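So the chains spell out like this:
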Amino acid sequence: MTATDQGPETTEKATTFSVAGFTEEIERSTAAMAEQGRDIAGVNGEVDKRSLLRMLREEKAPLYPMLALFLLSLSDLLHGQAFGVYQPDIARTFGLGPQFFTTVSLITQVVALVVPLTVARYVQNRPARAMVMLVSAGLWCVLTGYTAVIPGSLMLTGVILLDSATTSANHTVSGSLMVDLYPPRARVRVLSVLSMGAIAAGLVAPGIVFLLSGPLALTWRGAFLVLAALALVCFLLSLGLRDPGYGTRDTELIRAAVRENAGAVDDTRAVEPPGLTVFEALRRILAIRSMRLLFTSGMVGAIATPISTYLVFYYTDRFGLDAAQRALLQGSTSVVGLLSFVLLAPVGDRLYQRDPKLIFYASGAVSLLGIVLSAAQVFASTVSLMVALSLAGTALGGLSGPAMAVGTMSLVPANLRAHVGAVTALFSLGGVAIGTVLIGGLAGGVGIPLAVAIGSVPSVIGVLLTMRAGRHVRADLDSMIEAVIEEETVQRIHSGGGRLPTLACRGLDYSYGPTQVLFGVDFAVDEGEMVALLGVNGAGKSTLLRAISGLGLPDRGSVRFQGHDITYIDAERRTELGITQIPGGKAVFGDLTVADNLRCFGYTAGRSRRNREAAIDQVFAGFPQLAELRNQKAGTLSGGQQQMLGMGKALILRPKLLLIDELSLGLAPVVVGELLDMVRAINAAGTAVVLVEQSVNVALNLAEHAYFMEKGQIRFDGSSRDLLAKTDLLRAVFLSGASAGDVPGVDTEERS
Ligand SMILES: Nc1ncnc2c1ncn2[C@@H]1O[C@H](COP(=O)(O)OP(=O)(O)OP(=O)(O)O)[C@@H](O)[C@H]1O
């Protein structure tokens, strides 16, 4: 539970309900396992001083996957390079102008947006990342080979698009696969080695292309054939790459530790977490505060992306650099980048292991320096100064690059890590689009030097956001680890024969914008139970219902339905799972007739026409008043009749959990009586009910189990009878003037 200085300190527990034990068991387990979880996840602050090779040997992490990942990136690079270099020759052969390539490139941008999200969703609950990479690499061979004999521009378009799709698919899964292949403390160094490999290959690839077109005098078709053969070699050598499964070297080990702690041998998962849709996965990732800041930082920072293109033009014009000199500058940048990885990546790794937030700060500092150096280039008076400034920026990149990439992945649940790249691409594409217009406009208007200086401002804001993200990283890593422990504890409780509550909310924090209104709320409802949720105006009752029904997302904590984590599941999917909410006073479609309103609920339940009409007849039998008004528009009904119609929703959907907000508000006692009879009948048929009420009488007459909320916290969790004895709590409700009824145990004097 979140410690907070707001609101009351403790929850009074008057009676122990079976569900209370559930939340407490999870609380105990997460507290007991947190330190071990951090240790397994490699974020306990201890720096592992073993050499990479020794660590990999001791932790039984083979080198082969690293080699395969390198070969696949090499293959990616070679065929990409070939397209880049031979584009003008291909264009000449088919009589194509730059228009053709810019149009195709625009479509590839769309592909690059759609494919990552689709692939990330595909692999979310399937360890198929190695397969995605190998299929992509296989297709590159075919596409590169086919390009050698390509007949015309139509097929060329197809090849370019398929190539872009497979490249995006490959990039989407590679980082997440590497993370699962190697132990947490080796990851930054493994990624550094792979990055160095990619830079080295980037230096060699142009040489190969030069060799093919220069000394060997091959046409572009011949060169593509040779490159296809090289890609084939890379593909064949990588065929042994396998997906080890999600979280095998972190979250699965934490789960095993929880099992061991519980003395359990059975590792089956009785309560499978429901898969998330793309939208739900995005919501899940964006609910992580540091990730939200990082994505925003990425978007804002990307505004400056076009600056590098303008700088190239600027060098060329100002210092008259020819192609060879530009290539030399490019080559030296790669060499400096390589050195930077060799020398600085180990420092970044140590910083990350000591405290992940340090790498966020270091990354911010490096970027800030990079921005200053890049802006200073436009004011350099000589080529050598300009080159020195450009290289100085690159020289620092190795410090934070790999550690930031690993740190970012570690914040996200294992099976959603492939989504990180996809979301990053989405955000930065927005930034690039803004930057293209902004920097382009500025360069034309005020000249390149001033445009570069002004364009650097968003980058500085991006840096500040990255540093701010660093402040939340520790808490977010802990939440991730806690969620894994909680998930496994639920499995243990279930497989140990324990009962899972119908609903269990744990440690819910909820905010509207900057205002936090729920503070560490624990709330559970047993199977078939009727629970009253009481509290004064503004205590947070409706907000809690929002988090349960999926109308709003908590900042922290979990919502479980029959053991399944549904915290980030869409409201409609919750309805399908069996959660229905009847919101106070606004439960109907005013423009539709009574009968059509009921039919709408029937469609939601996906019932057959016959069953739907039978269920509607049942509602009319329960509320004869509604039967008489069946063809009247719902908006013209009285408040009580509208509530009856709303209640019809529950009769038709037959949920497992029914949430009712303010049933009795403003209604005549006789109407309330009728509605309550129906609530009793629904509950007696097996539906668990949460009744949010301000009328203490109504709630406590109906429910045996009651919660009392105050200032966003649960103040009381126990039997209604015991709550009635808490006159100090109930007085607050009365003083708010919400109830007119008499409450046994609260005399008139106390109420005044
Ligand atoms: N959409 C919103 N935007 C901003 N603040 C909100 C919003 N909805 C509720 N709040 C605030 O959140 C707090 C909790 O409100 P909530 O409606 O959950 O309380 P409640 O216990 O259900 O009270 P009531 O019975 O008055 O609805 C209140 O301070 C309220 O002003």
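Residues numbered from 1 in each chain as written. Predicted model: local features only at pLDDT ≥ 70, side-chain atom pairs only at ≥ 80, totals over all residues.

## Remarks on the overall build of the chain
- Along the backbone of the chain there are 29 helices and 11 strands.
- Each principal axis of the C-alpha distribution contributes one length, and for the chain these read about 100 × 60 × 55 Å.
- Across the 752 residues of the chain, 48% fall into the buried class.
- Considering only intrachain contacts with a sequence separation of at least 6, the fraction spanning at least 24 residues in the chain is 80%. (Helix = DSSP H or I, 4+ residues; strand = E, 2+ residues; numbered from the N terminus. Buried ≥ 20, exposed ≤ 12 C-beta atoms within 10 Å, placed from the backbone. Contact = placed C-beta atoms within 7 Å.)

## Some points on the site of the ligand
- Around the ligand, a shell composed of Tyr512, Val517, Gly535, Asn537, Gly538, Ala539, Gly540, Lys541, Ser542 and Thr543 is seen.
- Tallied by class, residues from the shell around the ligand come to three nonpolar, six polar and one charged. (Near = placed C-beta within 6 Å. Nonpolar A, V, L, I, M, F, W, Y, C, P; charged D, E, K, R; others polar.)

## A look at unusual backbone geometry
- Here Lys60, not a glycine, exhibits a phi torsion of approximately 50 degrees, which is positive.
- Relative to the assigned elements, Lys60 resides in the loop between helix H2 (52–58) and helix H3 (64–94).
- Despite not being glycine, Lys711 shows a phi value in the positive range, around 45 degrees.
- With respect to the helices, strands and loops of the structure, Lys711 is situated in the loop between strand S10 (705–710) and strand S11 (713–719).

## Quick notes on the domain arrangement of the chain
- Each assigned domain of the chain is listed with its residue range as follows: domain 1 (42–249), domain 2 (271–479 + 491–499) and domain 3 (503–589 + 650–751).
- On a C-alpha basis, the centroid separation for the pair domain 2 and domain 3 is 45 Å.
- Of the residues lining the interface, 11 residues belong to domain 2; the matching set on domain 3 comes to eight residues.
- Among the elements that line the side of domain 2 that touches domain 3, the one with the most residues is helix H10 (residues 278–286), at three residues.
- For the side of domain 2 that touches domain 3, the class distribution of residues is five nonpolar, three polar and three charged. (Domains from an automatic or database assignment.)

## Examining helix H7 (residues 184–213)
- Spanning 30 residues, H7 covers 44 Å between terminal C-alpha atoms, matching the ideal 44 Å at 1.5 Å per step.
- A bend of about 25 degrees at Leu203 is the largest found in H7, and the proline Pro206 appears one to four places after it. (Expected span 1.5 Å × (residues − 1). Bend = angle between axes of the 7 residues up to and from the residue.)

## Focus on the nonpolar core
- If you look at the biggest cluster of nonpolar residues, it comprises 209 residues, and the most contacted ones within it are Val531, Ala532, Ile660, Val689, Leu691, Ala699 and Tyr707.
- The biggest single contributor to this core is helix H18 (residues 448–495), with 15 residues.
- Apart from the residues lying within four places of it in its own chain, the contact partners of Ala532 are Leu691, Glu693, Ala699, Leu700, Leu702, Ala703, Ala706 and Ser720. (Core = buried A, V, L, I, M, F, W, Y, C linked by C-beta atoms within 7 Å.)

## A short note on the sheet that holds strand S5 (residues 556–561)
- Pairing in this open sheet of four strands is antiparallel, and the strands run S3-S2-S5-S6 from one edge to the other. Every interior strand has two partners, whereas the edge strands, strand S3 (515–525) and strand S6 (564–565), have only one.
- As paired strands, strand S2 (residues 503–512) and S5 are joined by five bridges and run antiparallel to one another. Across the sheet, residue Ala504 finds its bridge partner in S5, namely Arg560. (Pairing = 2+ DSSP bridges.)

## Details of H10
- All of the buried residues in H10 are Glu280, Ala281, Leu282, Arg284 and Ile285.
- Tucked inside the fold, the buried residues of H10 contact helix H4 (98–123), helix H11 (289–302) and helix H17 (417–446).

## Things to note about the pairing of S11
- With respect to burial, S11 is a largely interior element, six of its seven residues being buried.
- As paired strands, S10 and S11 are joined by six bridges and run antiparallel to one another. Its bridge partner lying in S11, Tyr707 is registered against Asp717.
- Between S10 and S11, which pair antiparallel in sequence order, lie two residues; one of them, Lys711, sits at a positive phi of approximately 45 degrees.

## Some remarks on the packing of helix H9 (residues 251–261) against H18
- Here H9 crosses H18 at 45 degrees, and the two axes come no closer than 9 Å. As summarised for this structure, H9 and H18 are arranged oblique, according to the angle between their axes. Handedness of the crossing formed by H9 with H18: right-handed. On H18, the residues touching Thr251, Ile254, Arg255, Val258 and Arg259 of H9 are Ile481, Val484, Ile485, Glu488, Thr489 and Arg492.
- Partitioning the contact of H9 with H18 into residue classes produces five nonpolar, two polar and four charged. (Axes fitted to C-alpha atoms, helices over the stretch in contact; angles between N-to-C directions. Parallel < 35°, antiparallel > 145°, perpendicular 65-115°, else oblique. Left-handed = near helix turned anticlockwise from the far one by under 90°.)

## Some words on the pairing of strand S7 (residues 579–582)
- Across the two faces of S7 the burial is the same, with Ile579 and Gln581 and Thr580 and Ile582 all buried.
- Of the strand pairs in this sheet, S7 and strand S8 (residues 657–661) are connected by four bridges, and their pairing is parallel. Bridged to Ile579 within S8 is Leu657.

## Here we look at the confidence of the model for the chain
- Confidence in the prediction of the chain, expressed as mean pLDDT, is 85, and 92% of residues score 70 or more.
- Across residues 1–9, where pLDDT falls below 50, the model places 21 contacts with residues more than four positions away in sequence or in other chains.
- For this predicted complex, the interface score ipTM comes out at 0.97, while the overall pTM is 0.83. (pLDDT = per-residue confidence, 0-100.)

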